[in-house]
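Architecture and fold: a report
For reference, the chains in residue letters:
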Amino acid sequence: MLNKTLIIGAGGVGNVVAFKCAMNSTTFGEITLASRTLSKCDIIAKNIQKKTSIEIKTAKVDADSVDELVALFEKIKPNIVINVVLPYQDLTIMDACCKCGVDYLDTANYEHPDTAKFEYKEQWAKDKDFKNANIIALLGSGFDPGVTNVFCAYAQKHYFDEIETIDILDCNDGDHGYPFATNFNPEINLREVSSNGRYWEDGKWIETKPMEIMQVWDYPEVGKRDSYLLYHEEMESLVKHIKGLKRIRFFMTFSESYLTHMKCLENVGMLGIKPIEHKGQKIVPMEFLSTLLPDPASLGERTKGTTNIGIYAKGKKDGKAKSLYIYQVSDHEKCYSEVMSQAVSYTTGVPAMIGAKMILDKIWSGEGVFNMEEFDPDPFMEELNRQGLPWKIIEDY
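Residues numbered from 1 in each chain as written. Predicted model: local features only at pLDDT ≥ 70, side-chain atom pairs only at ≥ 80, totals over all residues. Heavy atoms only, no water.

Notes on the sheet that holds strand S3 (residues 57-60)
One open sheet holds the seven strands; their spatial order is S3-S2-S1-S4-S5-S6-S17, and the pairing between them is parallel. Bordering the open sheet on either side are S3 and strand S17 (368-371), each of which pairs with just one other strand. Strand-to-strand, the axes of this sheet are offset by a mean angle of 20 degrees, without reference to chain direction. As defined by bridge partners, strand S1 (residues 4-8) adjoins strand S2 (residues 30-35) across five bridges and the pair is classed as parallel. Of the residues in S2, the one forming a bridge with Leu-6 is Thr-32. (Pairing = 2+ DSSP bridges. Helix = DSSP H or I, 4+ residues; strand = E, 2+ residues; numbered from the N terminus. Axes fitted to C-alpha atoms, helices over the stretch in contact; angles between N-to-C directions.)

Here we look at the pairing of strand S10 (residues 214-219)
On S10, burial follows the alternation: Gln-215, Trp-217 and Tyr-219 on one face are buried, whereas Met-214, Val-216 and Asp-218 on the facing-out side are not. Note that S10 and strand S11 (residues 223-230) share six bridges and pair antiparallel. By the bridge assignment, Trp-217 is partnered in S11 with Arg-225. (Buried < 20%, exposed > 50% of the residue type's maximum accessible area, 1.4 Å probe, protein only.)

Concerning helix H3 (residues 38-52)
Compared with an ideal rise of 1.5 Å per residue, which puts 15 residues at 21 Å, H3 spans 21 Å between its outermost C-alpha atoms and is within 8% of the ideal. Phi for Ser-53, located one or two positions after H3, is positive at around 70 degrees. (Expected span 1.5 Å × (residues − 1).)

As for the pattern of salt bridges
A full pass over the atoms with the stated rule returns 20 salt bridges. The shortest N-O distance in the salt bridge between Glu-333 and Lys-304 comes to 3.4 Å. With Glu-333 in helix H13 (residues 332-339) and Lys-304 in the loop between helix H12 (285-292) and strand S15 (306-317), this pair connects stretches of sequence that are 29 residues apart. The shortest N-O distance in the salt bridge between Asp-361 and Lys-357 comes to 3.0 Å. Members of the salt-bridge network, linked through shared partners, are Lys-357, Asp-361, Glu-383 and Arg-386. (Salt bridge = Lys/Arg side-chain N within 4 Å of Asp/Glu carboxyl O.)

A word on the side chain of Asn-149
Mapping Asn-149 onto the fold places it in helix H8 (residues 147-158). The class of Asn-149 is buried, set by a relative accessible area of 2%. Polar contacts involving the side chain of Asn-149 include one to the main-chain amide nitrogen of Gly-146, which spans 2.9 Å. (Polar contact = N/O pair within 3.5 Å; in protein donor to acceptor, adjacent residues only side chain to side chain.)

A few points about the packing of H8 against helix H15 (residues 377-386)
Two elements in contact, H8 and H15, have axes separated by 9 Å at closest approach and are oriented at 125 degrees. Taken as axis vectors, H8 and H15 run oblique relative to one another. Remark: the crossing between H8 and H15 carries left-handed chirality. Contact with H8, carried on its side by Val-147, Val-150, Phe-151, Ala-153, Tyr-154, Lys-157 and His-158, involves Pro-377, Asp-378, Phe-380, Met-381 and Leu-384 of H15 and no other residues of that element. When grouped by side-chain class, the residues that make up the contact of H8 with H15 number nine nonpolar, one polar and two charged. (Parallel < 35°, antiparallel > 145°, perpendicular 65-115°, else oblique. Left-handed = near helix turned anticlockwise from the far one by under 90°. Contact = heavy atoms within 4.5 Å. Nonpolar A, V, L, I, M, F, W, Y, C, P; charged D, E, K, R; others polar.)

Some remarks on H13
Those residues of H13 lying buried are His-332, Cys-335 and Val-339. Looking down the long axis of H13, one finds its buried residues gathered within 65 degrees of arc, a one-sided arrangement. Among the exposed residues of H13, those pointing more than 90 degrees away from its buried face are Lys-334 and Ser-337. Of the surrounding elements, those touching the buried residues of H13 are helix H1 (12-23), strand S7 (162-172), S15, strand S16 (320-331) and helix H14 (343-360). (Arc of directions from axis to C-beta.)

Notes on the side chain of Lys-357
For Lys-357, the location among the structural elements is in helix H14. For Lys-357, a relative accessible area of 11% puts it in the buried group. When neighbours within four sequence positions are excluded, Lys-357 is seen to be in contact with Asn-24, Thr-27, Phe-28, Glu-383 and Gln-387.

Comments concerning the environment of Lys-224
You can see Lys-224 is positioned in strand S11. Residues Lys-224 and Gly-29, 195 residues apart in the sequence, show an inter-C-alpha distance of 44 Å. With sequence-adjacent residues up to four places away left out, Lys-224 is seen in contact with Val-216, Trp-217 and Asp-218.

Comments concerning the environment of Val-344
Structurally, Val-344 can be placed in helix H14. Overall, the relative accessible area of 15% leaves Val-344 in the buried class. As a C-alpha pair, Val-344 and Ser-330 span 14 residues in sequence and 8.8 Å in three-dimensional space.

Topic: the packing of H8 against helix H10 (residues 234-241)
The geometry of H8 relative to H10 is characterised by a closest axis approach of 10 Å and an angle of 20 degrees between their N-to-C directions. Classed by the angle they form, the pair H8 and H10 counts as roughly parallel. Considering only the axes of H8 and H10, their crossing is right-handed. Across the interface between the two elements, Thr-148, Asn-149, Cys-152 and Gln-156 from H8 touch Glu-234, Ser-237, Leu-238 and His-241 from H10. The class makeup of the residues in the contact of H8 with H10 is two nonpolar, five polar and one charged.

What is shown is where atoms sit, not what they do.
So this is what it looks like as structure tokens:
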């Protein structure tokens with residue numbers, strides 16, 4: 001029977017997911033791309049048909065409304081819903097999936113709309129609902145979270161008896177030519193960067209001030225870059241599932257120009273997430289800022305350079321100390337040439353497609369809510385190589 005796939009979200013990541021699902025149409029079957037803005041879906045659909053000769057359908061939907069989502073699900077009857085909209089809608093879409101008995105996948109954890117807080121707590125609480133509906137929810141099937149989780153599981157399975165420390169390392173060495181822009185949704189990006197940092201060590205979370213901890217890391221094929229400690233959601237699940245872990249941290253690269261612009265915006269209140277009064281109207285400063293900044297989806301054609309994302313793990317094998325670096329390098333221009341999106345969207349969208357492929361092909365299965373590292377990493381790692389995200393390993397780096 002032909003599968004039916006519903007993708008919700010028509011930004012840069014949604015564009016990549018739709019392209020890659022079309023390129024793997026044997027698995028994904030009849031594909032529908034839906035969002036609030038039907039015109040964006042139609043543009044993506046036309047581009048896909050032009051480049052791949054595969055026709056996908058489009059639909060309009062408000063992801064804030066469970067009733068509207070349910071009506072769309074009942075009309076399309078999808079086997080899986082791939083959620084790449086703002087993570088504020090994660091819970092709404094999950095509820096609609098439970099009502100309709102449809103498997104679910106997203107690329108990032110739930111974010112509270114009114115608080116700069118990122119956690120899996122409310123999504124994990126849906127486990128019983130998904131079990132009762134006999135369906136699966138796969139959380140965080142992007143790159144980080146997502147591929148980095150799988151890298152950790154792969155290292156644990158094949159290279160270590162015990163992993164003691166993990167550093168997740170995210171470098172975007174791309175240049176889009178603008179004085180200041182974000183490579184993915186500005187609200188998510190700026191909330192993430194301006195929030196307090198946090199890392200896990202010796203069984204507890206340690207909080208830091210934003211950008212308080214920096215290290216210079218030598219990224220293969222890129223070079224040495226300043227890398228700043230942030231909190232990132234994959235750490236929350238990895239501390240539960242990686243045996244013997246004593247510390248895990250997340251680092252991301254930022255240029256001095258980016259940090260200077262961000263600090264200025266923060267100082268004048270433009271990163272605020274609570275409504276303020278402006279000429280008799282309520283506006284959210286960060287939402288207003290998002291309208292002023294370049295649309296991340298528009299950066300693809302002008303972005304040059306590479307990304308390098310991976311994990312550096314240390315631990316023991318056969319009683320001896322061991323270290324391992326698993327990483328993936330993507331070129332912005334090559335990504336755009338293939339799917340008309342730059343590498344930040346590509347490295348998120350391709351793993352979302354692969355995660356959905358794991359579910360539809362019955363390679364990963366279960367009932368309830370799962371994180372990526374809970375499944376056998378090997379088939380996912382093989383698909384990364386096949387689908388445009390080849391990875392490399394350096395032992396004793």
